[in-house]
Amino acid sequence: MKKNAITAINSLQYFLIDMKSVILLLAIFVLISSCYQNNPVMVTLDFEKEKSAIQAVIAKETESYYKQDFEAWKSTYLQSDAFRKFGYWEGYPEKVASNIGFESLAAEKKKQFEANETLWQGSTEERINENFRISNDMAWYTFEQNSYEKDTRKFLGKSLETRILEKVNGEWKIAYLGFHYYPMPEEKK
């Protein structure tokens, strides 16, 4: 009887050890599975397709700005508190302009469009030295931009530009707008 009790205890110990192993393996499986859910595997993206889509959004934003088409202009932006704009231009009384959150920029532009106070209406832009970094749902795009009067090709200004974009429902939206205009020769002191 004593021998049967010892055998039963040994069997129970092996069973408990095996159960601990099973529980440990299940815990590891759940942990790994949760990591994959929180950090999905990157989907291969078509860089050229995404680059073209980003360029199209930037072109739409610029064109709708000069046409003062508020709804088309607004549709190119991430409309949230996460939006940021920081810019420098000698033509601003304060030299530096900023917007924290999209609502402040939207209110500013709506008022500007209604008053027909958009600068450089009808100008053309040339973007050079472009640089793209694109992932599945975020991208940044830097470039130099030269602006000219449409008919005379008079040089209006040169700027260094940065755009950070987020993909929302499959569409790129501008989440950050940054610009730094070089002083014009007559503005230099």
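As the structure is a computational prediction, the values presented were derived from the model and not from experiment. In every chain, residue numbers begin from 1 and rise along the written sequence. Reporting of local features is limited, given that this is a predicted model, to residues whose pLDDT is at least 70; pairs of side-chain atoms are given and counted only at 80 or more, and all residues count toward the totals for whole chains, interfaces and linings. Side-chain figures throughout are based on the complete set of non-hydrogen atoms in the structure, without hydrogens or water.

## Considerations on the side chain of Arg163
Going by this rule: Starting at the N terminus, helices and strands are each numbered in turn, a helix being any DSSP run of H or I of at least four residues and a strand any DSSP run of E of at least two. Note on exposure labels: buried denotes an accessible area under 20% of the residue type's maximum, exposed denotes more than 50%, and partly exposed covers the range between, all computed with a 1.4 Å probe on protein chains only. Think of a polar contact as two N or O atoms within 3.5 Å of one another; within protein, one of them needs to be a possible hydrogen donor and the other a possible acceptor, and neighboring residues in sequence only count if both atoms come from side chains. For this analysis, residues touch if any pair of their heavy atoms sits within 4.5 Å.
As for its placement among the helices and strands, Arg163 is situated in strand 5 (residues 155-168). On the accessibility criterion, Arg163 (5% relative accessible area) is buried. At 2.8 Å, the side chain of Arg163 and the side chain of Glu161 are in polar contact. With near-sequence residues (within four places) excluded, Arg163 lies in contact with Ile58, Ala139, Trp140, Tyr141, Phe143, Ile174, Tyr176, Leu177 and Gly178.

## With respect to the packing of aromatic side chains
Definition in use: Ring geometry is summarised as follows: Phe, Tyr and Trp rings, the Trp one being its six-membered ring, pair when their centres sit within 6.5 Å, and such pairs are stacked at plane angles under 30 degrees, edge-to-face over 60 and tilted between the two. We call a charge positioned over a ring when the NZ of a Lys or the CZ of an Arg lies within 6 Å of the ring centre and within 35 degrees of the ring normal.
All chains considered together, the criterion is met by 18 aromatic pairs. Ring geometry for Trp73 against Phe102: centres 5.8 Å apart, planes inclined by 25 degrees, an arrangement best described as stacked. On the criterion of sequence distance, the pair formed by Trp73 in helix 3 (residues 70-74) and Phe102 in helix 4 (residues 102-114) is long-range, its members being 29 residues apart. Considered together, Trp73 and Phe102 belong to a single accessibility category, that of buried residues. Connected via pairs of aromatic rings, a cluster forms that spans Tyr65, Tyr66, Phe70, Trp73, Tyr77, Phe83, Phe102 and Phe113. In this structure, Lys110 packs its charged tip against the face of Phe70, placed 4.7 Å from the ring centre. One cation-aromatic arrangement involves Arg153 over Tyr148; the distance from NZ or CZ to the ring centre is 4.1 Å.

## Thoughts on the environment of Gly91
The topology assignment puts Gly91 in the loop between strand 1 (84-88) and strand 2 (96-100). Under the relative-accessibility criterion, Gly91 is labelled partly exposed at 37%.

## Observations regarding the environment of Ala56
Position of Ala56 relative to the elements: it lies in helix 2 (residues 47-67). Through-space distance from the C-alpha of Ala56 to that of Thr76 is 9.8 Å; in sequence the pair is 20 residues apart.

## Things to note about the side chain of Gln112
Here Gln112 shows up in helix 4. Overall, Gln112 belongs to the buried group, its relative accessible area being 14%. With near-sequence residues (within four places) excluded, Gln112 lies in contact with Tyr65, Gln68, Glu117, Thr118 and Leu119.

## Brief notes about the pairing of strand 6 (residues 171-181)
To keep things clear, this is the line we draw: When DSSP finds two or more bridges between a pair of strands, those strands are recorded as paired.
Where burial is concerned, most of strand 6 is hidden: 9 out of the 11 residues are buried. The sheet contact formed by strand 1 and strand 6 spans 5 bridges and is parallel. Within strand 6, the residue paired with Arg84 across the bridge is Tyr176. Two elements, strand 5 and strand 6, share 10 bridges in a ladder whose sense is antiparallel. Within strand 6, the position partnered with Leu160 by the bridge is His180. Linking strand 5 back to strand 6 in an antiparallel pair, the connection comprises 2 residues, with Asn169 at a positive phi of about 50 degrees.

## Structural notes on the sheet that holds strand 1
Selection criterion: Axis definition: a line fitted to C-alpha atoms, limited for helices to the stretch in contact. Angles are taken between N-to-C directions and run from 0 to 180 degrees.
Pairing in this open sheet of 6 strands is mixed, and the strands run 2-1-6-5-4-3 from one edge to the other. Two strands lie at the open edges of the sheet, namely strand 2 and strand 3 (124-134), each paired on one side alone. Taking the axes of each pair of neighbouring strands and ignoring which way they run, one obtains an average angle of 20 degrees across the sheet. Taken together, the 11 bridges between strand 4 (residues 138-148) and strand 5 define a ladder with antiparallel strand orientation. By the bridge assignment for strand 5, Phe143 is matched with Glu161.

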